[in-house]
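Chain by chain, the residues run as shown.
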Amino acid sequence: MTRYLLKSILQIVPVLFIISMLVFVLVRATGDPVALMLPESATEQDRIEMTEALGLNEPLYVQYGIFISNAIRGDFGISYHYGQQALPLVLERLPASIELAVVSMVISTLIAIPLGILSALKRNSYLDLIISGISVLGKAMPNFWVGIMLILFFSVMLGMFPVSGRGGLENMVLPAFTLGVGLAAQMTRMIRSTMLEILNQDYIRTARSKGIIEAIVVGKHAFRNGLISVVTIMSLQFTSLISGTLITETVFAWPGLGQLLVAAVNNKDMAIIQAAVLIIALLVIVINILTDVVYRLLDPRIKYN
Amino acid sequence: MLAKTFEEKQVSTRSASNRKSKLSKTIKLLFNSKTGTVGLFLIILVTCLAVFAPWLTSFDPAQVNPLARLQPPMWMEGGSAEHILGTDNLGRDIWSRIVYGSRISLIIGIGAVLFSGFIGATLGLLAGFYGGWINAIIMRIADAFLAVPTILLMLVFLAVVGPGLRTLIVVIGITSWVPYARVVRGEVLSIKEREFVKAAQAIGAKKKRIIFKHILPNVLSSFIIISGMNVATTIVLEASLSFLGLGVKAPAVSWGGMLSDGRQYVATSWWVATFPGIAITITVLGVIFLGDWLRDILDPRMKMKNG
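Quantities reported herein were computed from a predicted structural model and do not represent experimental measurements.

Chemist: Any chance you could break down the overall build of chain B for me, citing the residues and the numbers?
Modeler: When its secondary structure is counted, chain B shows 13 helices and 0 strands. In sequence order, the secondary structure elements of chain B are arranged as α-α-α-α-α-α-α-α-α-α-α-α-α. A principal-axis box enclosing the C-alpha atoms of chain B has dimensions of 75 × 50 × 45 Å. For chain B, buried positions account for 49% of its 307 residues. Of the roughly 15600 Å² of accessible surface on chain B, 66% is carried by carbon and sulfur atoms. Charge centroids of chain B, computed over 31 positive and 16 negative side chains, lie 12 Å from each other.

Structure follows, in structure tokens:
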């Protein structure tokens, strides 16, 4: 286990290396950072000094080396829009995004597990048809539109929840459901097919033939074995969850990382983009490793070599 | 001489009738599947909107009319028969914007999928066929791309190149090739070991011939399956990017951009945001249904896996 963990942590390095290179090349391709940072009234002398100060006279590989060594120490440069270090700005927004992501994940799991199991148990019934229909619809609707429609019904027409911002629980409901619904739609389909597979296994037939009540067969024998797939599904969803937060945060003016990043892209604020992309990539990689660890705990048959 | 041409003729008519019966079989299969039929119907509907746009509306989708701002749809009080689905915050006709918006969705949906499919299939083919360090490099890059959500990569690219129709296709193309590369590589790895490839190698066929004649045709069905699924994702992606203000630029009309206008006026004018969303949902639904059907006939194994 320890060896496996060490190995997978070591594998992070090349992946982060490629991502950092990509980000670096893209940022250098944006054009002249000096022109972006200086006021229009700057003289030629100012330009030369600024270029020197930023190390832009060095060859590209030296610049990349400087970028990497700074990045490792958490220095992604100064956001010219906010006039502050980029990394603290990014980290400051992280809790709001994680909060939203976790609550949506919980909501989607609570919707998807019962619906998925139900439609697998009642396979090809009307109930199954309705659940499958809703989940296809949930997949087809873009989540920012779902968000706007939720605002329309629950905020504008019923006045139940605030339209935007972060604060109490009532602020959380609409954005979390917006994100949760789309995720639940995908999860329901996957849980349904996993359960169908498991319910066809011999040990389920054996359990049923022993006269064990159906609830225990499903809950204990079938679902516990399906849990591994559920964990996989959840970890796969994590990436789409992050893409989802980017847009949902914009719809609801939720002060998270997504909103910061979208604003940074519109402002061409490269320091923030660099920091945010690398932090999110790191997050995704760590989640993937954690998933593997949870697997191992859930299924002792899995061996890591 | 005469006999030969006769024979040739016969062969060619036989293969033509074969092809014909295959086509009619496929069509029959399509109508046997209810969702497949619905999908086809929806896609034809949207394609007709895109193709016949100028005949379906008398308004220029970009024409601003300050006097007709935020008019409700025709069946509501204050609506007029002129603007069937009402007007937006600049007085532009929503129906005509939806009709013209279908063009952008379809062009980007199909264009970007073809482009990313080309990149992905080429890289997957190279990685699977040659193995070794080529495979190692390509798959490491693929891992790195997978570690970052696609839309995030797109944001970074778009921050550099700026919005626009062509850049959008290119950016979506170079950020979403990974699934193609992985699937094609996997297929190539297994096909490479099959007898007919070994036989071709044994009789001294050139690598180029093996790739194009023996491997590529066998990869095609999985390639079509992923492409089908990706058209749906791409249409939603384009709408999302346009919603964030990073998609196509005015005067081009995008459903996502319409939603972003609608978001601001949702408190007073529900129709501005509602109709483009319905348009996206219908289009994506059609693509999903048709894609699922394609998957079922091209790869029956997958259908069993998915219950």
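Next comes the rest of the description.
Chemist: Pulling in residues and values, what's your account of the overall build of chain A?
Modeler: A tally of regular secondary structure across chain A gives 12 helices and 2 strands. When the helices and strands of chain A are read in sequence order from the N terminus, they spell out α-α-α-α-β-β-α-α-α-α-α-α-α-α. For 305 residues, the compact-globule formula gives about 19 Å, and the C-alpha radius of gyration of chain A, at 24 Å, lies well above that figure. The principal-axis extents of the C-alpha atoms in chain A amount to approximately 90 × 60 × 30 Å. Within chain A, contacts between residues at least 6 apart in sequence are counted, and of these 72% link residues at least 24 apart. About 15400 Å² of surface is accessible on chain A, with carbon and sulfur atoms providing 65% of the total. Measuring between centres, the 21 positive side-chain charges of chain A sit 21 Å from its 19 negative side-chain charges.

Chemist: Which residues make up the interface of chain A and chain B, and what are the values?
Modeler: Opposite the 48 residues of chain A that make contact, chain B presents 43 residues. At the boundary of chain A with chain B, total buried surface from both sides reaches about 3800 Å², with 80% on carbon and sulfur atoms. Broken down residue by residue, the surface that chain A buries against chain B is led by L26, F144 and W145 of chain A, which jointly contribute 15%. Linking chain A with chain B are 1 salt bridge. Linking R189 of chain A and D292 of chain B is a salt bridge whose minimum nitrogen-to-oxygen distance equals 3.8 Å. Inspection of the chain A/chain B interface yields 3 residue pairs in polar contact (both at pLDDT 80 or more). Among the elements of the structure, α1 (2-29), α6 (126-140), α7 (143-157), α8 (169-199), α10 (214-252), α11 (257-267) and α12 (270-298) of chain A are those that each provide at least two residues to the side of chain A that touches chain B. Looking at the side of chain A that touches chain B residue by residue, the classes come out as 35 nonpolar, 7 polar and 6 charged.

Chemist: Any chance you could break down the pattern of salt bridges for me, citing the residues and the numbers?
Modeler: All names here are of chain B. Under the definition given, this model contains 12 salt bridges over all chains. Between D261 and R92 there is a salt bridge whose closest N-O contact spans 3.4 Å. Of this pair, D261 sits in helix α11 (residues 255-264) while R92 sits in the loop between α3 (53-56) and α4 (94-130); the two residues are 169 residues apart in sequence, bridging distant segments of the chain. Residue class for D261 comes out buried when judged on its relative accessible area of 18%. When its relative accessible area of 11% is taken as the criterion, R92 is described as buried. Across the salt bridge formed by D296 and R295, the nearest N and O atoms sit 3.2 Å from each other. Classification of R295 by relative accessible area gives buried; the value is 13%.

Chemist: A description of the confidence of the model for chain A should follow, citing residues and the corresponding values.
Modeler: The pLDDT averaged across chain A works out to 82; a share of 94% of its residues lies at or above 70. When mean pLDDT is taken per element in chain A, helix α5 (residues 86-121) of chain A scores highest with 90 and helix α2 (residues 33-37) of chain A scores lowest with 65.

Chemist: Help me get a handle on the side chain of E249 of chain A, residues and values and all.
Modeler: All names here are of chain A. Among the structural elements, E249 can be located in helix α10. Notably, E249 is buried but unbridged: the nearest opposite-charge side chain belongs to R93, and the N-O separation is 6.2 Å. Here the side chain of E249 touches S97 through a polar contact of 2.7 Å, side chain to side chain. Apart from residues no more than four positions distant in its own chain, E249 is found in contact with S97, L100, W254, G256, L257, G258 and Q259.

Chemist: Report on the nonpolar core, specifying residues and quantitative values.
Modeler: Residues I19 and I273 of chain A together with L155 and I215 of chain B are the most contacted members of the largest nonpolar core, which totals 142 residues. Once you skip the residues sitting within four places of it in the chain, I215 of chain B turns out to touch L125, F129, V188, I191, V197 and I210 of chain B. Listed in part, the 18 residues of the second largest apolar core include A120, M195, I204 and I233 of chain A.

Chemist: Explain the environment of I285 of chain A to me, using residue names and the numbers behind them.
Modeler: Tracing the backbone shows I285 of chain A in helix α12. For the pair I285 of chain A and Q11 of chain A, spaced 274 residues apart in the sequence, the C-alpha separation amounts to 9.7 Å. Setting aside residues no more than four positions away along its own chain, I285 of chain A makes contact with I12, V15 and L16 of chain A together with A147 of chain B.

Chemist: Describe in detail the environment of I48 of chain A, supporting the description with residues and values.
Modeler: Residue and element names in this part refer to chain A. Residue placement: I48 occurs in helix α3 (residues 44-54). What makes I48 partly exposed here is its relative accessible area of 47%. Along the chain, I48 and V163 lie 115 residues apart, while their C-alpha atoms are 49 Å from each other.

Chemist: Could you give me a rundown of helix α12 (residues 270-298) of chain B, with the residues and numbers involved?
Modeler: For α12 of chain B, with 29 residues, the first-to-last C-alpha span of 42 Å sits near the 42 Å given by 1.5 Å per residue. In terms of burial, α12 of chain B is largely enclosed, as 22 of its 29 residues are buried.

Chemist: Tell me about the packing of aromatic side chains, and please be specific about residues and values.
Modeler: Applying the stated criterion to the full structure yields 12 aromatic pairs over all chains. Measuring from ring centre to ring centre gives 5.5 Å for F24 of chain A and F67 of chain A, while their planes differ by 40 degrees; the resulting arrangement is tilted. Placement of the pair is F24 of chain A in helix α1 and F67 of chain A in helix α4 (residues 60-72), with a sequence separation of 43 residues. The exposure classification of F24 of chain A matches that of F67 of chain A, with both residues buried. Summarising the aromatic geometry, the rings of W270 of chain B and F275 of chain B are spaced 5.8 Å apart at their centres and angled 55 degrees between planes, so their arrangement reads as tilted. For F275 of chain B, a relative accessible area of 12% corresponds to the buried category. An aromatic cluster of three or more residues is present, and its members are F17, F24, Y64 and F67 of chain A.

Chemist: Which residues make up a nonpolar patch on the surface, and what values do they have?
Modeler: Residues and elements named next belong to chain A. The grouping of F153, V156, M157, L158 and M160 at the surface amounts to a nonpolar patch, some 500 Å² of accessible area in total. With respect to the helices and strands, the residue V156 is situated in helix α7. Accessibility expressed as a relative area gives 32% for V156, which makes it partly exposed.

Calculation notes
- Here the residue index of a chain counts from 1 through its sequence in written order.
- Here chains are named by letter from A upward and ligands by number from 1 upward, in the order in which they appear as written.
- This being a predicted model, a pLDDT of at least 70 is required before a residue's local features are given, and a value of 80 or more before pairs of side-chain atoms are given or counted; all residues contribute to the totals for chains, interfaces and linings.
- Excluding hydrogens and water, the side-chain values take into account all heavy atoms of the structure.
- Helix and strand definitions here come from DSSP, where helices need a minimum of 4 consecutive H or I residues and strands a minimum of 2 consecutive E residues; each element is numbered from the N-terminal end.
- Think of it in three bands: with a 1.4 Å probe and only protein chains considered, a residue is buried below 20% of the maximum accessible area for its type, exposed above 50%, and partly exposed in between.
- Areas reported as accessible are Shrake-Rupley estimates using a 1.4 Å probe. Residue values count occlusion only from the protein chains shown.
- Charged residues are defined narrowly, with Lys and Arg counted positive, Asp and Glu counted negative, and His plus the chain ends left uncounted.
- We put the charge of a Lys on NZ, of an Arg on CZ, of an Asp on CG and of a Glu on CD.
- Values of the radius of gyration come from C-alpha atoms, whereas the globule rule sets the reference at 2.2 Å times the count of residues to the power 0.38.
- Here, two residues are considered to be in contact whenever any of their heavy atoms come within 4.5 Å of each other.
- Buried area is a sum: the accessible area each of two parts loses on coming together, probed at 1.4 Å, counted once for each and added.
- Salt-bridge detection follows one rule: a side-chain nitrogen of Lys or Arg within 4 Å of a carboxyl oxygen of Asp or Glu.
- Between N or O atoms, a polar contact is any pair within 3.5 Å; within protein, one atom must be a potential hydrogen donor and the other a potential acceptor, and residues adjacent in sequence are included only when both atoms are from side chains.
- Amino acids are sorted into nonpolar (Ala, Val, Leu, Ile, Met, Phe, Trp, Tyr, Cys and Pro), charged (Asp, Glu, Lys and Arg) and polar (every other residue, Gly among them).
- For every residue, the predictor reports its confidence as pLDDT, a number between 0 and 100.
- The term nonpolar core refers to a set of buried residues drawn from Ala, Val, Leu, Ile, Met, Phe, Trp, Tyr and Cys, joined through side-chain atoms within 4.5 Å.
- An expected span of 1.5 Å times one less than the residue number is assigned to each helix.
- We call Phe, Tyr and Trp rings a pair once their centres come within 6.5 Å, taking the six-membered ring for Trp, and we label the pair stacked below 30 degrees between planes, edge-to-face above 60, and tilted otherwise.
- Within this analysis, patches are made of residues with over 30% relative accessible area and no salt bridge. Like charges are joined at 9 Å or less; nonpolar side chains (Val, Leu, Ile, Met, Phe, Trp, Tyr) at 5 Å or less.

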